[in-house]
Amino acid sequence: MNTDGNNNPVSPEPKAAAQTTDFIRTIIANDLQSGKHKQIVTRFPPEPNGFLHIGHAKSICLNFGIAEEYNSVCHLRFDDTNPGRESTEYVEAIKRDIRWLGYDWGEHLYYASDYFDRLYDFALELIKKGKAFVCHLSGDEIREQRGTLTEPGRESPYRNRSAAENLQLFEQMKNGELEAGTCVLRAKIDMAAPNILLRDPVIYRIIKTSHHRTGDKWCIYPMYDFTHCLSDMIEGITHSLCTLEFENNRALYDWVLDTLETPCHPRQIEFARLNINYTVMSKRKLLQLVDEGHVSGWDDPRMLTLSGLRRRGYTPASIRDFCAIIGIGRRDAWIDMGVLEKAARDDLNEHAPRVMGVLKPLKVVLTNYPEDKAEELEAINHPQKPEMGVRTIPFCREIYIEATDFMEEPPKKFFRLAPGREVRLRYAYLITCREVIKDEHGNVVELRCTYDPETRGGSTPDGRKVKGTIHWVSARHAIRAEVRLYNRLFTVEHPDRDKEKDFKTFLNPESLEVLTDCMLEPSLQKATPADRFQFERQGYFCLDEQDTTAGKPVFNRVVTLRDSWTRMKEKMKKNTGTKP
RNA sequence: UGGGGCGUCGUCAAGUGGUAAGACACAAGAUUUUGAUUCUUGCAUUCGCAGGUUCGAAUCCUGCCGCCCCAGCCA
C-alpha cells in the first residue's frame with residue numbers, strides 16, 4: 001500500500017464518480033460484449049520533450065484507469081521520433097511522474113524508436129506497393145503545392161517515380177548519402193483530398209542528429225502519422241485514445257493500416273483535452289515560462305505540471321479524483337481552477353493532521369500570567385478522527401497571534417480580537433485585550449491582554465459564549481519557518497485566448513508571496529519533507545522537499561481553507577459601495 | 001464560400017422517443033473550541049435557433065446560427 005507524506009494510506013481508488021461511465025468506456029464495453037475483443041490494451045504515448053502536466057494526468061487516468069477496470073494492461077510508450085528535442089532526462093521525469101500518480105506499466109515499457117527497423121520495412125512495403133515516393137521538392141515547395149483549405153493541391157513532379165528508383169533513393173536517405181532537407185519520403189494518397197493530411201503527407205525526413213536511444217544509427221526518422229498507428233498495431237493496442245486535435249489524423253492512421261499488411265487495426269478514439277482557467281497548459285508555453293525564468297523550473301509549485309503539483313503538496317489521490325470528476329467528453333471544456341483546489345481540500349481535509357502556525361505574527365503579552373511559568377496543553381490532531389491522536393502544545397506568558405486576527409476598529413461581525421474584546425485561544429484560554437502598543441509610525445506592534453485562569457483548554461465553566469477562536473503559538477517555544485503562499489499564476493481566466501497579446505503579459509505579479517518570519521508550534525520540528533498539514537484556520541501546507549534545511553523549514557501552501565469571512569468582507573464592501 | 005468535429009444550468013456532465021441525474025459554484029439555514037469540516041434546503045417548465053414528424057422529441061428529419069481543429073520535413 002502506498003502512503004502519502006504523512007504515512008497515511010493513499011486510497012488507490014478515486015472515491016468520487018469511481019464508476020462513472022463515458023462514451024469511450026461505452027465503446028469498449030460494447031466491443032467486449034460483441035466479441036470484437038477478448039481483452040483491452042491501451043497505451044499512454046508521451047513524447048519525451050517536456051514534463052507531464054495535469055492535462056496528461058487526464059489521459060493517464062483514462063488509459064491506465066481503463067486497463068485497471070478491465071484487468072488488463074496499459075503500455076507506456078515514448079513517442080521518440082524527433083531526436084532534436086527529446087532527451088532521457090524527460091523520459092525519466094515522465095516515468096517518475098506516472099509512478100507517483102499511482103500507475104504501473106509493468107513490463108510494458110516501449111519506445112517508438114525500438115520499432116525503427118520494422119517501420120523502415122513498412123516504408124519499403126509502401127514503396128513497393130507504389131504507395132510512397134521520394135520527393136525532392138523543398139519544404140517551401142511542398143507547402144506551396146499542398147493547396148489551401150479551399151483549393152486542391154498539385155501533384156509533385158517526383159510522384160510517379162518507379163518503385164525501384166524510390167527504393168534506391170530511400171536507401172540513400174537511410175545511408176546518410178543525402179543531406180537534411182534535400183528530400184523526404186511521402187505517402188502517395190490524393191493531392192485533391194479535402195482532408196489536407198491526406199495530400200501526400202511526408203512520412204520520413206532526414207535528420208542528422210543523434211538520438212537519445214539509437215544514437216547515430218539512423219539519419220532518417222519517421223513522422224508521427226506513420227509511426228503512431230504502426231506502433232499501436234505492433235503492440236496490439238485495441239483502443240488508441242488521443243485528444244481531439246488528432247481527429248483529422250485518424251484518416252491517415254486508418255489509411256496506413258489499411259494499405260499495409262497488418263494483423264490488426266487499433267481503433268483511434270478522440271476526446272477533449274483538459275483546459276483549466278487562470279493557467280496555460282501547452283508544453284510549449286510551460287517550457288517558455290521555465291526557459292525565461294518566470295518560474296523556478298518545471299517543478300515550480302505554481303505550475304500545473306505533475307512535478308509542480310507534487311512539490312506544491314497535491315496528493316496523487318486528489319489528482320486522480322479530479323480526473324474522475326471532470327469526466328470525458330468531446331466538447332471543448334473549461335474546468336474551473338476551483339475544481340482542482342476542491343479535490344485537494346477534500347483529500348487533505350481527510351488525511352492531514354491539524355497544527356497551529358502563525359504566518360504574520362503579532363506579539364501578545366498576557367500580563368497576569370506568571371513570567372516563568374509554562375504549561376502543556378492538549379490538542380487533538382483531527383477533529384473528526386480521534387484515532388489520529390492528540391499532542392501537547394506549550395503555553396507561556398508571551399505568544400504570537402495572527403496579525404489579521406486583531407483589528408483596532410473592527411467592522412461589525414468581526415468576532416476576533418479588538419480592544420476590550422475577549423476571544424478564545426484554541427485549546428488554551430480566553431483572553432481579553434487590554435492595551436494596544438504601537439511604534440512611532442502608529443503600527444500595532446504588541447498587545448497586552450489578560451487571560452482567564454478558569455478557562456484552561458478553552459472551556460467556559462460559567463457558560464459564557466465566545467464567538468471567536470483564534471490560533472496562536474508560544475513565543476518561547478515557536479520554531480521559525482519560511483512559508484510560501486501561492487496564488488494563481490495568471491490574472492485572467494484565459495491567458496492565451498487573446499491572439500494579439502502574449503500570454504505572459506497576464507502573469508500574476510503576486511503569484512508567490514514569501515513569508516520568512518512565520519512562527520510554528522514546536523511539534524512541527526518532526527516534520528519530514530513532503531509531509532502535509534492543515535495549519536488551522538489557514539490552509540494546507542507541505543514541507544518543501546528541495547529548500548528545507550535542518551535549521552530552516554520551508555512550507556508551501558497547497559491551498560487555502562474555504563474562507564467565508566473573506567467573502568463576507570468583500571460582499572459588505574461591495575454593498576456599502578452601491579448603497580443609494 | 002473545402003473537410004472533420006461540437007453545441008443540455010455560471011462551469012463540468014448524465015441522458016440514445018416517454019415527459020431534464022449528479023458534481024462544482026452560488027444562496028439560505030443548522031451544528032461547530034478551525035468564520036474549516038459536516039448536515040439540510042433551494043438552484044434548467046427547459047436542452048444553440050427555427051420549422052417538421054409523432055399521442056409524445058434534448059433525443060428523429062430539414063434549414064439556419066455559433067464555436068473548435070486541419071495548409072510543420074512537430075506530436
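Note that this is a predicted model, so its numbers are computed, not measured. By convention here, each chain's residues receive numbers from 1 onward along its written sequence. Whichever chain is written first becomes A and whichever ligand is written first becomes 1, with later ones labelled in order. Where totals are concerned, whole chains, interfaces and linings use all residues; where local detail is concerned, this predicted model gives features only for residues with pLDDT of at least 70, and gives and counts side-chain atom pairs only at 80 or more. The side-chain numbers reported here are obtained from all heavy atoms of the structure, hydrogens and water having been left aside.

## Looking at the overall build of chain A
Okay, so step 1: Per the secondary structure count, chain A includes 13 helices and 27 strands.
Okay, so step 2: Dimensions of chain A, computed from the C-alpha atoms along their principal axes, are close to 100 × 50 × 50 Å.
Okay, so step 3: Working definition: with a 1.4 Å probe on protein chains only, accessible area under 20% of the residue-type maximum means buried, over 50% means exposed, and in between means partly exposed. Across the 580 residues in chain A, those meeting the buried criterion constitute 53%.
Okay, so step 4: Any two residues having at least one pair of non-hydrogen atoms within 4.5 Å are treated as being in contact. When contacts within chain A are restricted to residue pairs at least 6 apart in sequence, long-range pairs at least 24 apart make up 71% of them.
Okay, so step 5: Accessible surface is estimated by sampling points in the Shrake-Rupley manner with a 1.4 Å probe; for residues, cover comes only from the protein chains shown. Carbon and sulfur atoms make up 48% of the accessible area of chain A, which totals about 26800 Å².
Okay, so step 6: Here Asp and Glu are counted as negative and Lys and Arg as positive; His is not counted, and neither are the chain ends. Think of each charge as sitting on NZ of Lys, CZ of Arg, CG of Asp or CD of Glu. Averaging the positions of the 83 positive and the 87 negative side-chain charges in chain A gives two centres separated by 4 Å. Secondary structure counts use DSSP, requiring at least four H or I residues in a row for a helix and at least two E residues in a row for a strand, with both numbered from the N terminus.

## Section: the protein's contact with RNA strand B
Okay, so step 1: Residues are classed as near a molecule or strand on a simple rule: at least one heavy atom within 4 Å of it. Lining the immediate surroundings of RNA strand B are 63 residues, of which Arg-331, Arg-416, Arg-426, Gly-457 and Ser-564 lie closest.
Okay, so step 2: Atoms of RNA strand B within 4 Å of the protein: sugar and phosphate make up 61%, bases the balance.
Okay, so step 3: The definition of a polar contact used here is a pair of N or O atoms within 3.5 Å, where within protein one atom must be able to donate a hydrogen and the other to accept one, and adjacent residues in sequence count solely through side-chain atom pairs. A distance of 3.0 Å separates a base oxygen of RNA strand B from a polar backbone atom of Ser-459.
Okay, so step 4: With five residues, the single largest contributor to the surface near RNA strand B is helix H13 (residues 564-578).
Okay, so step 5: Looking at the surface near RNA strand B, its residues break down into 23 nonpolar, 18 polar and 22 charged. Note that Gly is not counted as nonpolar here; it falls among the polar residues with everything else outside the nonpolar set of Ala, Val, Leu, Ile, Met, Phe, Trp, Tyr, Cys and Pro and the charged set of Asp, Glu, Lys and Arg.

## As for the sheet that holds strand S7 (residues 220-222)
Okay, so step 1: Here four strands make up an open sheet; going across it, the order is S4-S5-S6-S7 and the pairing antiparallel. Sheet topology places strand S4 (132-135) and S7 at the edges, where each strand pairs with a single neighbour. Between one strand axis and the next, the sheet turns through 20 degrees on average, direction left out of account.
Okay, so step 2: Throughout, an axis means a line fitted to C-alpha atoms (over the contacting stretch in the case of helices), and angles, computed between N-to-C directions, take values from 0 to 180 degrees. Relative to strand S6 (residues 202-206), helix H4 (residues 116-128) is tilted by about 120 degrees, and along the sheet it contacts S4, strand S5 (184-187), S6 and S7.
Okay, so step 3: Packing against the sheet, helix H6 (residues 163-174) makes contact with S4, S5, S6 and S7, and its axis sits at approximately 60 degrees to S4. Paired strands, as defined in this entry, are two strands with at least two bridges between them according to DSSP.

## Observations regarding the environment of Glu-521
Okay, so step 1: Summarising the element assignment, Glu-521 is placed in the loop between strand S24 (512-520) and strand S25 (532-535).
Okay, so step 2: Taking the C-alpha atoms as reference, Glu-521 lies 8.3 Å from Pro-394; in sequence the two are 127 residues apart.
Okay, so step 3: Excluding residues that lie within four positions of it along the chain, Glu-521 makes contacts with Val-355, Met-356, Arg-391, Ile-393, Val-473 and Ile-479.
Okay, so step 4: Within the structure, the side chain of Glu-521 is placed 2.5 Å from the side chain of Ser-523, a separation counted as a polar contact.

## Structural notes on the pattern of salt bridges
Should the charged atoms of two oppositely charged side chains come close, the side chains can pair.
Okay, so step 1: What counts as a salt bridge is simple: a side-chain nitrogen of Lys or Arg found within 4 Å of a carboxyl oxygen of Asp or Glu. A full pass over the atoms with the stated rule returns 48 salt bridges.
Okay, so step 2: Here Glu-513 makes a salt bridge to Lys-360, at a shortest N to O gap of 3.4 Å. Placement of the pair is Glu-513 in strand S24 and Lys-360 in the loop between strand S13 (357-358) and strand S14 (361-366), with a sequence separation of 153 residues.
Okay, so step 3: Look at Glu-513 and you get partly exposed, because its relative accessible area is 32%.
Okay, so step 4: When salt bridges with common partners are traced through the structure, they connect Asp-299, Arg-311, Glu-482, Arg-484, Asp-544, Asp-547 and Lys-552 into a single cluster.

## Quick look at the nonpolar core
Okay, so step 1: The nonpolar core is taken to be a set of buried Ala, Val, Leu, Ile, Met, Phe, Trp, Tyr and Cys residues, with the residues joined through side-chain atoms within 4.5 Å. Ranked by internal contacts, the top residues of the largest apolar core, which has 42 residues, are Ile-54, Ile-98, Ile-276, Ile-319 and Phe-322.
Okay, so step 2: What Ile-98 contacts, discounting residues up to four positions off in sequence, is Phe-44, Leu-52, Ile-60, Phe-64, Leu-76, Tyr-103 and Trp-105.
Okay, so step 3: Formed by 38 residues, the second largest nonpolar core is a distinct cluster that contains Leu-119, Val-134, Phe-170 and Met-173.

## Some remarks on a positive patch on the surface
Okay, so step 1: Surface patches are defined over residues having more than 30% relative accessible area and no salt bridge, joining like charges when they lie within 9 Å and nonpolar side chains (Val, Leu, Ile, Met, Phe, Trp, Tyr) when within 5 Å. On the surface, a cluster of positive charge is contributed by Lys-412, Lys-413, Arg-562, Arg-567 and Lys-571.
Okay, so step 2: Note that Lys-412 resides in the loop between strand S17 (398-402) and strand S18 (422-425).

## Let's talk about the domain arrangement of chain A
Okay, so step 1: Where each domain starts and ends comes from a domain assignment, either automatic or drawn from a database. According to the domain assignment, chain A contains domain 1 (119-223), domain 2 (275-355 + 480-580) and domain 3 (357-470).
Okay, so step 2: Here the C-alpha centre of domain 3 lies 75 Å away from the C-alpha centre of domain 1.

## Some details on the environment of Ser-34
Okay, so step 1: Within the secondary structure layout, Ser-34 lies in the loop between helix H1 (23-33) and strand S1 (41-44).
Okay, so step 2: Judged by its relative accessible area of 56%, Ser-34 falls in the exposed class.
Okay, so step 3: Measuring from C-alpha to C-alpha, the distance between Ser-34 and Ile-203 comes to 35 Å, with 169 residues separating the pair along the chain.
Okay, so step 4: In terms of polar contacts, Ser-34 uses its side chain to reach the backbone carbonyl oxygen of Asp-31, at 3.3 Å.

## Considerations on the side chain of Arg-311
Okay, so step 1: Here Arg-311 is to be found in helix H10 (residues 306-312).
Okay, so step 2: Reaching out from Arg-311, the side chain makes a polar contact with the side chain of Asp-544 at a distance of 2.9 Å.
Okay, so step 3: Discounting chain neighbours no more than four positions away, the residues touching Arg-311 are Ser-296, Asp-299, Pro-301, Arg-484, Cys-542, Asp-544, Gln-546, Asp-547 and Asn-556.

## Topic: the confidence of the model for chain A
Okay, so step 1: Overall, the prediction assigns chain A a mean pLDDT of 94, with 96% of residues at 70 or greater.
Okay, so step 2: With a pTM of 0.94, the predicted complex shows an ipTM of 0.96. Across the chain, each position has a pLDDT score giving the predictor's confidence in that residue, from 0 to 100.

## Quick word on the packing of H1 against helix H2 (residues 54-69)
Okay, so step 1: One can describe the packing of H1 onto H2 by two numbers: an axis separation of 12 Å at closest approach and a directional angle of 35 degrees. The two elements H1 and H2 cross, and the hand of that crossing is right-handed. Facing Ile-24, Arg-25 and Ile-28 of H1, the residues of H2 in contact are Leu-62, Gly-65, Ile-66 and Glu-69.
Okay, so step 2: In the contact of H1 with H2, the residues fall into four nonpolar, one polar and two charged. By convention, the crossing between two helices is left-handed when the near helix turns anticlockwise from the far helix through less than a right angle, and right-handed when the turn is clockwise.

## Details of the pairing of S1
Okay, so step 1: Burial along S1 is two-sided: Val-41 and Arg-43 facing one way and Thr-42 and Phe-44 facing the other are all buried.
Okay, so step 2: With four bridges joining them, S1 and strand S2 (residues 73-78) adopt parallel strand pairing. Directly across from Thr-42, in S2, lies its bridge partner Cys-74.

## Section: the packing of aromatic side chains
Okay, so step 1: Aromatic contacts are taken between Phe, Tyr and Trp rings whose centres are within 6.5 Å, Trp giving its six-membered ring; a plane angle under 30 degrees counts as stacked, one over 60 as edge-to-face, and the others as tilted. Per the counting criterion, the structure on display carries 22 aromatic pairs.
Okay, so step 2: Measuring from ring centre to ring centre gives 5.3 Å for Phe-78 and Tyr-111, while their planes differ by 25 degrees; the resulting arrangement is stacked. Here Tyr-111 lies in strand S3 (residues 109-111) and Phe-78 lies in strand S2, a separation of 33 residues in the sequence.
Okay, so step 3: Members of the aromatic cluster, connected to one another through ring pairs, are Phe-116, Tyr-120, Phe-170, Tyr-204, Trp-218, Tyr-221 and Phe-226.
Okay, so step 4: Criterion for a charge above a ring: Arg CZ or Lys NZ at most 6 Å from the ring centre, at most 35 degrees from the ring normal. A cation over a ring is seen here: Arg-213 above Tyr-111, with NZ or CZ 3.5 Å from the ring centre.
Okay, so step 5: Above the plane of the ring of Phe-415 lies Lys-467, whose end atom (NZ or CZ) is 5.0 Å from the centre.

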